[in-house]
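Architecture at a glance
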Amino acid sequence: MNTVIVDYDAGNVKSLQFALERLGVDAQVTYDAELISSADKVIFPGQGEAASAMEKLKSKGLDTLIPQLKQPVLGICLGMQLLCEQTEEGNTRGLGILPVKATRFPNTVKVPQMGWNLVHHKAEGLFEGIVQDCYMYLVHSYFVPLNAATQAQSDYAGAYSVAVQKANFYGVQFHPEKSSKDGLRLLENFLSF
């Protein structure tokens, strides 16, 4: 199985690579359009700020490539937010896969949310074999509202999406590579699609 991690200088991908290696997967980190297009599975991670991340995607032509992919694609953290039509962060246009806007948490709570939070999910797909109301590790200031694509939710100043799916596109707000055995199981589930 040929798995690639999209490289667009938006975060440290080493911990993700190590997690995949624990599952026996040697993922290639690349921004090469041909390698990404021909991969069996594509992982689209991200940390940092949305506007500069989108600029980097555009500079490599990945803003047009990613929405056209037909194989399973997993957006992680900022990668999930960039699947949206827009994000309030820098009033940035995303990839337009999900017709929603990522929104900033209100000032009534500590931002960013950082740490373990309870996740309530549909016990299928990405969450097959994962205990209900599990805990996953999150670090984020913006969130994706509940929508038709929501597969899992958490609560921080209200309920919001921590996992989405639309067609072959999956997204998780948490970091599965930092979320212990449940996070590893989620990556394993994605790789089995």
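Now for a look at the structure at hand.

Let us look at helix α1 (residues 14-22). Those residues of α1 lying buried are Leu16, Gln17, Ala19 and Leu20. Each buried residue of α1 lies within a common arc of 160° when the element is viewed along its axis, so the set occupies one face. At the exit of α1 stands Gly24, carrying a positive phi of roughly 85°.

Bringing the nonpolar core into the picture now. If you look at the biggest cluster of nonpolar residues, it comprises 32 residues, and the most contacted ones within it are Leu20, Leu74, Val119, Leu126, Phe127, Val172 and Phe174. Sorting the residues of this core by element identifies α1, β4 (73-76), β9 (134-140), β12 (159-166), β13 (169-172) and α6 (180-191) as the ones contributing at least two each. Examining the composition of this core, we find that 4 residues originate from one element, α6, more than from any other. For Phe127, the contacting residues outside a window of four places in its chain are Val119, His121, Lys122, Met136, Ala152, Ala163, Phe174, Leu186 and Asn189. The next biggest cluster of nonpolar side chains, apart from the first, holds 31 residues, and it includes Ala53, Val73, Met80 and Leu82.

Relative to β9, strand β8 (residues 113-121) runs antiparallel, the two sharing 7 bridges. Pairing of Met114 across the sheet is with Val139, part of β9. Bridge count for β8 against strand β11 (residues 150-155) is 2 bridges, and the pairing is antiparallel. Counted as the bridge partner of His120 is Gln153 from β11.

Thresholds, definitions, all that
Residues numbered from 1 in each chain as written. Predicted model: local features only at pLDDT ≥ 70, side-chain atom pairs only at ≥ 80, totals over all residues. Heavy atoms only, no water. Buried < 20%, exposed > 50% of the residue type's maximum accessible area, 1.4 Å probe, protein only. Helix = DSSP H or I, 4+ residues; strand = E, 2+ residues; numbered from the N terminus. Arc of directions from axis to C-beta. Core = buried A, V, L, I, M, F, W, Y, C linked by side-chain atoms within 4.5 Å. Contact = heavy atoms within 4.5 Å. Pairing = 2+ DSSP bridges.

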